[in-house]
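Fold and geometry: a report
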Amino acid sequence: MADIVYPTGCRPLVEDLGTDELIRRLKTLANVLQTMDQDDNLYQQYIPLALHLLDDFFMQHTSRDVQLLIACCVADVLRVYAPEAPYKEQDQIKTIFKFFIKQLHGLKDPRDPSFKRYFYLLENLAFVKSFNMCFELEDCQEIFQELFSTIFKIVNDQHSAKVTNFFLDVLSPLITEADNLSVELLDLILINIVEPYKSNNKYACHLTQQLLTKTGDALESTIKMFFNRALVMDKPNTKLSITNKIYDIIYELNRTNGDLLTSVLPQLENKLLSTDDAERLKATTLLARMFSEKDSQLSKKYQSLLKIFFGRFCDITEPVRIKCVQSSMHFLLNHPHLQADITEKLRLRNHDLDEVVRHEVVMAIVETAKRDFKLVLEAPDLLEIVRERTLDKKYKIRRDAMNGLAYIYKRAICEPNDLSAELKKSVDWIKNKILHGYYKVGLEDRLLVERLLITCLVPYKLPPEERMKKLYHLLADLDANATKAFVELQKNQMKTRNTVSDWIKLHHSKEFTPRVLSQLSAKQATIAKLLPDPLKAAEYLTQFSTNLRKDAQLLRCINIVLKRDVSCRECADTMGALLKKLGAHVQSNLYYNTVKMLIERVASVMVDKESIGVLIGLIEQCIQGGSMCEEIGISRQEAGERGLKLLSMLSYVFSAHFFTDTSLRHLIALLSYEQEYVAPLVLKSLTHLGRYQPLIDDVPAILNELAPVCRDFALIGTPKQAKHAVRCIFVNSQSSTATDGTTSGSGSASTTTQTVHPIFHEIIEALRIKLTPNCEHQRTKIVTLGHIAYNMPQAFLTPIKNMIARRIVKELLIQEVPQQRDYDLPEDGDWCAQEDLPPDTLCKLDALKTMARWLLGLRTDEHAAQKTFRMLAAFVNQRGDLLGQNRLCGAEKSWLRLGAACAMLKVCEQKGVGDQYSAEQFLQLSQMMVDPVPEVREIFSRKLHKGLSRSLPRNCLPLDFMGLYVLAGLETERKLQDLVRHYTETDVNKRREYLKTVAMTSPDSSTDSQSQHIQPDYMLAFAIPVLVNDPRYTNHEDYVQLRKMEKCLRFILEPLMAKRESFVYGFYKQLLQLIKHREFSQGSDKSDNYRMWALCDLSMHIIDSKFSSFDGNASTFSMPLALPEMYYKQPAVANFQNNDIYIPLDVYTLGAKSSSKATATSMTTTRTVAPPKRPAEPSITDDEDPQENNLFDNIRAADTTEPMAKRTRAGATSAKS
């Protein structure tokens, strides 16, 4: 101790000192050392003191302050004696720096009273670069790792920038001045910039990032070596923490100091092309992030790598393709120069076999639109990709594609923006596409379209004027299919509202008797079918019904929502209040979601009384051709007509909203405009309102103002104006108090007490005097007469009958055609547009319609019906030239026979007069299906389908007419044949669905004999006479003719056999056997019967090609069947037996299949006259494997009533619908 020299003022440091005294002396020494400057020889006498400070007594002292002061003194010693420290032994150096590292832990808490001295220690070590002494140690890496670990642990948010900078000054030299850097130390550094370390200690991450930026050049070689070993040599060091996070490290290094990866990134090409799916996925994920990030220049620096990355869009594994597609949004947003490449890749993946990939394509584009709306708007190729996915087979993809397009439409059209008119026009197709979604079979698609209509296409939250402008714009240029979808949507919602309203009314019952509960249950079953997953929906509807009975407030809310004249705001607010009472709006609350879907379907939030008034004003401005047309975005030529068509549709669906004095008077004021399209559409709207609530009940003064206007239209207006004028006055003059429940909206009320408006007496008197051949407005007067005859036949029975007989039949329809005609006839050809026909022919067409309307009005005048049928059938039979003068051109004849045929169809819809046709007339009418003019065939088929698809069971064509479809098998135009096939399938399915519904809701009706007149399977019994009568079928053994007949029979049998659960083999077998034991009632000789029986054999062969008596679906059918006597009669021979086969056996390989054997055995084949054996020729290819069928369970086995559709109409007495 005597050899130790202390600086002036410092007292000796000995072990027997107390702690406080030792601290005081150490502070004095520390202060003195701090004041010393560096000098090579000045302080040599203090070297013993420096060595004395390393004594274990001081360095292991229990006092933190003593250790801190010793550390500061030793640090100053190193500063003063630098660069030649007095400590030479490696153990000493190692001990000193481990001691320093230990003391640096005191920097963790800046609030520590000793923090300043800890800070001084850090500053001193940083300034002198003291830790550089460790390079001389053999195990210096151990000290460095401990130092780095300590600093990364203690750094925190309370440290100032100075502290952080000194940390960097301490650490940086150890990297920049090192000859080599161990991978263990690299591991210790880099692990801080990846998860979870990055989130757990973000300040250590930040410090590491600063360190990487500062020492990048020195680290590059070590980083390159590490990644080369891991990526290229595929020999990663598994002991390192960063080995499992190699791709995360690359990503973070690129963000921190991209220059470090100059030689690393090209090595990723190997990983992108690896055969290991997991490796490719990791590399793809990494590069997707790096290439697509904002401000990233990698796509320009590493174009070869980018090209290989783009190749991964077509990778063999789905996860890699998904990852590529997910990154495309960021490419589109951040790298416009790559937009063309990304669009092309998305187009390829748009048709990916994996649904997740296709879904990600849609979401990538939609999310891009949400972030940069204009970018997608200006890229039609991207929108086209989304457009295609609206037709995807997966609902989830269709839903998100539709939602995305609707969002774009809403942003572009319905929200304020600075987009150009061209850009707005470029997305106008979206509304068509969304509404086309209503044609999808799935109920989810329809519900989606309904929701998008009121949230995006016409946002319900807009003010009334803006909302009506958007609605007007929506309907402005919709295509025909979208317009039909919009109308159908509104009608379906109206039907749903009515159904739910009836259901809710039952909840107001004072007592819930078994009968009321049964009605509730039946209504709930109907409503459940209007929602997805009917079984679950029924369960939650039952729960909702229970809550409605318990909660009066809930019932009041639903009543407000269903109120016919509720305002949009009131409806929306009430919906919100109602939904709050259903619980939390979460995905798992299925009860909430089910009721919400139902409420959305029935809520009326698009139009109300205020908005209807606004809309009528907008339409008037558009009729005038003002600037409003441009503001709405519709051409002036179409604006008025489009607006009135919209108004007409709204008047049908939302009639209650029109009943304000202002709106009604404004509507009538529109009749003063001279445009031809105005009056018919306005009158049609008023007719719709009258069916809801006649004007005579609510506003008789307005009706009185309207009547003279309608009289003028009926006498001197256009035919359309006349038709709607008569309907309008008639409907609005029928007081609901007088005829409540007795009239239908569109039918005649001739069987009930009617109110005849005085204006009709004036019209009839004018017609009686002025309706003469070639009179002015002759066609208008004929139309007026027809509609008055239809609606009020009993009121003017004699005058109408006289005018029909004299003016219509005698002076017009059967009048000879003059040789010289003053009209321009259509050019040569068998067809032309109706408006191109001469006026006299147009009058005849309307005269035929008038005849039909007159009969429909009379309903029960069988004698008049028989005479009319004879005349109409004559038109058909004479090919449109009734008198056979051959003075009409081909187009006129086509239109006249078509008009007569359609008139026959129309009359046949009405029970009574419609049952007076004969079998001969029916068979003559069937030839319209094979008319030589395609347009005639198409229109007749459409009218036939329309008549068959009207409301079952009373107001539609009888089942006989489904037999006419059989001749479509001879159709030569593929497009038309496909259309008729669609009609056939629709009619078959509709009738079967009706029978199922009746069986479910009214079990007693399902056993009624009348169901046989609805069952579509009976159409075969009517189709066979049609084929027997066909002039192309003359020989039952002719190969060519039989093949044609096979085509025809397949045409109707395929829809009947399409669903195995709806098909009964035994029924057809029994039906065909019964026909083979009958004769053709219209036949003149035995050949007619042979041809009929051959058709039975041919039908059985077709059925056996799909089914047989040995199949599981061939359940027995024991119910007795009967045939219509119009077409079949009992043979003259008593106990007639017919077990022969009437088709050449060598034409069909009947023994080739077990099913074919059934054909021979089922008929007990014993041919008496067999044709010579001929080489077998192939028949038409059999159908694909059949599906299971069975529908006749609903018919009572004991029922033997004959299905005489002509004489007994289905539902006339028994069907309960």
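- Check the Subcellular location (unreviewed entry) section of the UniProt entry for the protein chain; it says "Nucleus".

Regarding the overall build of the protein chain
- When helices and strands are tallied, the protein chain shows 56 helices and 2 strands.
- For the protein chain, the C-alpha radius of gyration of 46 Å lies well beyond 33 Å, the compact-globule estimate for 1217 residues.
- Considered along the principal axes of its C-alpha atoms, the protein chain spans approximately 150 × 85 × 70 Å.
- Burial analysis of the protein chain (1217 residues in total) assigns 55% to the buried set.
- Intrachain contacts of the protein chain at a sequence separation of at least 6 include 76% that bridge at least 24 residues.
- For the protein chain, the accessible surface area stands at approximately 53,400 Å², while carbon and sulfur atoms represent 49% of it.
- Distance between charge centres in the protein chain, computed from 153 positive and 152 negative side chains, equals 7 Å.

Describing the environment of A71
- Counting through the fold element by element, A71 comes out in helix α4 (residues 64-81).
- Along the sequence, A71 and K893 sit 822 residues apart, while their C-alpha atoms lie 119 Å from each other.
- For A71, the contacting residues outside a window of four places in its chain are F99, F100, Q103 and L121.

Notes on the nonpolar core
- Grouped together as the largest cluster of nonpolar side chains are 368 residues, with contacts concentrated most on F100, F131, F227, F309, L471 and F961.
- Residue contributions to this core peak at 13 residues, all from α4.
- Residue-level mapping places this core at the junction of two domains, with at least three residues from each of domain 1 (264-390) and domain 2 (479-606).
- In contact with F309, other than residues within four places in its own chain, are L272, T284, L287, A288, F291, C324, S327 and F331.

Details of the pattern of salt bridges
- As enumerated under the stated definition, the model contains 65 salt bridges in all.
- With a shortest N-O distance of 3.0 Å, R992 and D1017 are connected by a salt bridge. Taken as a pair, R992 in helix α51 (residues 974-1001) and D1017 in the loop between α51 and α52 (1019-1029) lie far apart in primary sequence, 25 residues in all. Here R992 and D1017 have matching classes, each one buried.

Here we look at a positive patch on the surface
- A contiguous patch of positive charge, built from K491, K495, K684, R691, K720, R727 and K990, is present on the exposed surface.
- Where the positive patch is concerned, the elements lending two or more residues are α28 (480-506), α38 (678-692) and α41 (719-732).
- Position of K491 among the secondary structure elements: in helix α28.

Quick notes on the packing of aromatic side chains
- A complete count under the given rule lists 30 aromatic pairs for this structure.
- An angle of 80 degrees between the planes, with centres 5.4 Å apart, marks the rings of Y1018 and F1067 as edge-to-face. A residue pair is termed long-range when its members are at least 10 positions apart, and Y1018 in the loop between α51 and α52 and F1067 in helix α54 (residues 1065-1076) qualify at 49 residues. Like F1067, Y1018 is buried.
- Aromatic ring contacts, followed pair by pair, group F869, Y917, F922, F961, F1022 and Y1127 into a single cluster.
- In this structure, K370 is placed above the aromatic ring of Y407, and the distance from its NZ or CZ to the ring centre is 5.9 Å.
- Sitting above the plane of the Y1033 ring, R1091 keeps its charged end 5.6 Å from the centroid.

A closer look at the domain arrangement of the protein chain
- Once the domains are mapped, the protein chain shows domain 1 (264-390) and domain 2 (479-606).
- Here the C-alpha centre of domain 2 lies 44 Å away from the C-alpha centre of domain 1.

What counts, and at which threshold
Residues numbered from 1 in each chain as written. Predicted model: local features only at pLDDT ≥ 70, side-chain atom pairs only at ≥ 80, totals over all residues. Heavy atoms only, no water. UniProt positions renumbered as here; feature names shortened; annotations may be inferred. Helix = DSSP H or I, 4+ residues; strand = E, 2+ residues; numbered from the N terminus. Rg over C-alpha atoms; globule rule 2.2 N^0.38 Å. Buried < 20%, exposed > 50% of the residue type's maximum accessible area, 1.4 Å probe, protein only. Contact = heavy atoms within 4.5 Å. Areas by Shrake-Rupley, 256 points an atom, 1.4 Å probe, with all protein chains shown as cover. Lys, Arg positive; Asp, Glu negative; His and termini not counted. Charge placed at Lys NZ, Arg CZ, Asp CG, Glu CD. Core = buried A, V, L, I, M, F, W, Y, C linked by side-chain atoms within 4.5 Å. Domains from an automatic or database assignment. Salt bridge = Lys/Arg side-chain N within 4 Å of Asp/Glu carboxyl O. Patch = residues over 30% accessible without salt bridge, like charges linked within 9 Å, V, L, I, M, F, W, Y side chains within 5 Å. Phe/Tyr/Trp six-rings, centres within 6.5 Å; stacked < 30°, edge-to-face > 60°. Lys NZ or Arg CZ within 6 Å of the ring centre and 35° of its normal.

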